[in-house]
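Descriptive structure summary
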Amino acid sequence: MTRRVAITGMGIVTSHGIGKAVNWRKTLAGESSIRPITLFDTAAYRTKRAGQVADLPVAPWRRIRASRVDRASHLLYHAVAEALEESGLAAADWDPSRSVVALGTTLGGMASGERYHQAYVRKGPARAQPSRVVDHLAHAQPLHVMEEFSLRGVPRVFSNACASGANAVGYGFHLVRTGRGDLALCGGYDPLCEFAFAGFHSLQALTTELCRPFDCNRSGLAIGEGAGILLLEAWDRAKARGARILGEVLGYGESNDAFHMTRPDPEGRSAALAVRHALQDAGVAPEDVDYVNAHGTGTPFNDASETAALLAALGPQAREIPVSSSKSMIGHLLGGAGAVEGILTVLALEERWLPPNVNYETPDPECDLRIVQTATRPERLRVAISNSFGFGGANAVLVFRAVGADS
Amino acid sequence: MTDRIVITGIGMIGPGAFGRAAVVRAFPALPRPEGTGRVAEFALEEHLEGGRAFRRVSGATKFALAAMGLAIGDAGFSAQTFGGPDAGIIVGLTHGGAPYSVQFHRELMLEGRQAASPLHFSESVPNAPAGNAAIAFQVRGPVHTLIGEEPVGTQAIDLAAGLLRSGLVERCLVAGTEEWSEVVTHAYAQIDRARRRRLAPNGVPPLSEGAAALVLELESTLTQRGARAQAVLAGWGIGRCPGDHIEDTIVAAVLDAFGSTGCCAADVDHILPPTGRSRPAAIRACVSAQGEAAEPARWVDLACAVGNPAGASNLLQVATSAALISAGKVNGPGLVLSTGVTGTLSAVVLCRAGGAQP
């Protein structure tokens with residue numbers, strides 16, 4: 001059985017703010033929300049800025065004590081609330097035998113783990129608060145929001161580093177498309193915490209300047225935080241209940257580099273395979289692709305490898321397809337990146353605007369793609385792909401189509 | 001008819017003397033625990049050709065690679081022949097390589113950011129075991145890490161089965177791995193102490209470590225490569241009961257697992273109860289699901305032998321049942337139950353190859 005998969009709700013939290021409206025407005029304006037970090041002391045680090053969500057409001061939990069849960073759960077709450085509200089679905093519509101929650105994250109509630117360990121070392125094991133260890137686990141945050149929004153069932157929690165969010169969306173997509181389920185609440189999240197920041201710092205992956213993906217002078221990534229949620233639904237079911245369809249998930253492809261734990265294959269061979277699989281899965285040809293929302297981290301290795309992958313998968317015409325990376329404005333959301341960037345891609349298709357890749361000034365011969373420097377209204381924008389690549393060689397590619405583009 | 005998912009390779013790395021050969025040899029007893037719940041020191045090269053290249057990885061990755069190496073060899077593949085774009089890996093874990101996370105954070109806290117090792121960070125990410133395994137076996141198809149409680153192994157089986165049945169992969173390694181951590185163990189001990197002020201002690205086995213790996217394939221593809229199925233993953237059920245009535249949810253998962261197997265809970269030959277929490281409820285639920293069985297099932301309680309290796313426990317149970325079925329020590333069907341602290345649970349039914357057909 002193969003069914004069309006509609007997107008009927010989306011929720012997004014990034015350093016641009018909470019909600020689709022503010023995120024889309026600032027994205028089109030090319031506004032940078034990379035700002036000084038206030039969540040922890042950065043005095044010892046060369047990099048002092050990140051895509052931190054400023055003044056994150058405490059989520060209005062009804063069933064869980066707000067002070068008990070990790071920042072990750074708060075981020076997730078806001079995104080889930082927005083997606084569910086937009087979809088018009090109620091808890092009663094959620095049949096656990098036909099619905100799934102699939103989420104991706106890299107480190108879950110690691111800030112809680114840090115706090116437990118800090119107390120363990122500095123105050124002594126007996127004075128550390130053990131619930132923080134439970135809260136730091138990556139399946140704790142999905143369980144919190146499921147309890148809060150009365151979504152029964154067992155969450156699937158993907159932790160494939162920076163491809164996690166896209167993998168979770170891909171899982172939900174296949175579940176609905178093959179008829180094994182009718183609804184999938186899927187996406188990804190990751191909060192900013194010192195552990196991850198220090199980790200990328202130790203790998204010398206963080207830029208001390210502006211994050212400028214695909215630019216010749218790119219010098220690294222900016223970390224971000226946030227969450228993105230997509231509510232996927234069987235197309236006919238969504239139509240039957242009169243839901244507003246925001247876009248369509250058309251295909252999904254995945255692969256692994258099997259090359260290095262932290263570095264991508266310079267030739268992008270497996271990443272190209274993921275792009276090809278995704279297009280094949282979607283039933284579209286390379287010439288049908290109107291926009292690429294790139295993984296585009298801004299590291300020298302990554303952007304060159306992604307360019308090689310796009311050229312290998314799409315052929316020479318890849319140089320004509322508009323490409324941009326949202327990470328230049330909101331940073332790299334790790335496990336949240338795939339879902340958040342997927343949402344921005346759907347918004348681009350919905351609004352028919354290409355989002356910009358800010359800070360791009362000097363073309364790099366190794367990244368000879370058509371980089372979108374300012375928001376542009378293209379002649380044609382029907383099908384777009386969103387790339388996500390991560391540690392451990394994980395590659396995931398989602399294909400989206402605008403509503404009405406099938407006619 | 002649905003193409004059945006079969007186990008063609010088994011690899012087990014458990015605490016003390018716990019391993020496939022020891023389990024089969026000692027049955028119906030189980031290898032005796034050696035007190036610590038820790039895996040005995042070993043060189044990765046013993047189980048994985050070229051294993052020296054991975055000498056600096058975390059314990060969780062090392063256990064996973066060793067178990068996978070054993071499973072791949074057992075299935076008739078080698079590290080050179082298993083991989084490719086049509087092979088996949090699914091790893092399930094709870095805390096994974098927590099000691100490296102602790103070490104990285106400790107370096108950061110006590111010695112400053114200059115002392116924080118990038119290796120300890122990259123090995124801290126949960127998908128380090130799967131990522132390293134993809135490199136070791138050159139697996140270029142789907143490679144996933146799932147996080148969950150003890151029943152996460154069944155989620156990994158479910159995901160792998162989906163990939164096999166949809167034709168996205170032809171063979172899939174499914175593994176669970178966990179490394180013991182002093183900090184995590186201390187936290188759970190604190191939680192248990194706090195809970196026992198309100199609840200009667202429920203005999204929670206101590207946290208331990210280990211890994212298990214299975215090579216899964218579709219039964220229909222075996223003949224062309226001349227391979228043998230060691231056991232059939234006949235059915236499985238996954239559920240969650242956040243409230244107090246976990247027994248009913250376990251019964252539902254058991255019935256779900258038997259749903260299309262052609263046999264029923266009363267036919268069960270052996271049962272592996274959970275190694276985590278809710279063990280008494282799971283045992284009661286099992287007895288209830290079995291009803292008036294003609295023959296009482298044999299209980300194979302791994303908790304006595306391996307403690308609770310959290311995210312690795314479920315697949316160690318499945319691997320044990322499969323190894324015993326493959327060796328002819330038990331007949332099947334076998335029923336594997338798993339429960340987690342927040343009420344997640346699963347049931348898996350294993351049969352002999354050539355047994356009940358859905």
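Computed from a predicted structure; not experimentally measured. (Residues numbered from 1 in each chain as written. Chains lettered and ligands numbered in written order. Predicted model: local features only at pLDDT ≥ 70, side-chain atom pairs only at ≥ 80, totals over all residues.)

Moving on, we get to the overall build of chain B. Tallying secondary structure elements over chain B gives 12 helices and 10 strands in all. Since a compact globule built from 358 residues should have a radius of gyration of about 21 Å, the 19 Å found for chain B is in line with a globular shape. Structurally, chain B occupies a C-alpha span of about 65 × 55 × 35 Å along its principal axes. Counting only residues that meet the buried cut, chain B has 64% of its 358 residues in that class. Across chain B, contacts joining residues at least 24 apart in sequence account for 79% of those joining residues at least 6 apart. (Helix = DSSP H or I, 4+ residues; strand = E, 2+ residues; numbered from the N terminus. Rg over C-alpha atoms; globule rule 2.2 N^0.38 Å. Buried ≥ 20, exposed ≤ 12 C-beta atoms within 10 Å, placed from the backbone. Contact = placed C-beta atoms within 7 Å.)

On to the interface of chain B and chain A. Opposite the 50 residues of chain B that make contact, chain A presents 45 residues. Sorting the residues of the side of chain B that touches chain A by element identifies helix H3 (98-111), helix H4 (118-122), helix H5 (128-137), strand S3 (143-147), helix H7 (182-196) and strand S6 (231-240) of chain B as the ones contributing at least two each. Counted by class, the side of chain B that touches chain A contains 25 nonpolar, 20 polar and five charged residues. Two strands pair when backbone bridges link them, and strand S6 (residues 156-158) of chain A and S3(B) are joined in this way by two bridges, in the antiparallel orientation. What sits directly across from Val157(A), in S3(B), is Ile147(B). (Nonpolar A, V, L, I, M, F, W, Y, C, P; charged D, E, K, R; others polar. Pairing = 2+ DSSP bridges.)

With that out of the way, let us pick up the domain arrangement of chain B. Residues and elements named next belong to chain B. The domain boundaries assigned to chain B delineate domain 1 (5-225) and domain 2 (232-351). Between the C-alpha centres of domain 1 and domain 2 the distance comes to 20 Å. Tallying the contact residues gives 47 residues for domain 1 and 41 residues for domain 2. Elements represented by at least two residues in the side of domain 1 that touches domain 2 include exactly strand S1 (5-13), helix H1 (20-26), strand S2 (87-93), helix H6 (152-165), strand S4 (171-178) and strand S5 (210-218). In terms of residue class, the side of domain 1 that touches domain 2 is built from 26 nonpolar, 15 polar and six charged. (Domains from an automatic or database assignment.)

Another aspect to go through is the nonpolar core. Counting residues in each nonpolar core, the largest one holds 266 residues, and the members touching the most others are Val275(A), Ala67(B), Val174(B), Ala213(B) and Val254(B). Ranked by residues supplied to this core, first place goes to helix H2 (residues 59-74) of chain B with 10 residues. (Core = buried A, V, L, I, M, F, W, Y, C linked by C-beta atoms within 7 Å.)

Right, let's talk about the environment of Gln138(B) for a bit. Residue and element names in this part refer to chain B. Take Gln 138: it is sitting in the loop between H5 and S3. Gln 138 sits in the partly exposed class, given 17 other C-beta atoms within 10 Å. A sequence separation of 54 residues divides Gln 138 from Gly 84, and the C-alpha atoms of the two residues are 6.1 Å apart.

This paragraph deals with the pairing of strand S1 (residues 5-14) of chain A. Residue and element names in this part refer to chain A. With 10 of 10 residues buried, S1 lies mostly within the body of the structure. The pairing of S1 with strand S9 (residues 247-256) spans three bridges and is antiparallel. In the sheet register, Ile 7 faces S9, and the bridge partner there is Gly 247. Bridging between S1 and strand S8 (residues 226-234) involves eight bridges; their strand directions are antiparallel. Bridging from a neighbouring strand, Gly 11 pairs with Ile 229 of S8. Pairing of S1 with strand S2 (residues 17-18) involves two bridges; the strand directions are antiparallel. Residue Val 13 lies in a different strand from S2, and its bridge partner there is Ile 18.

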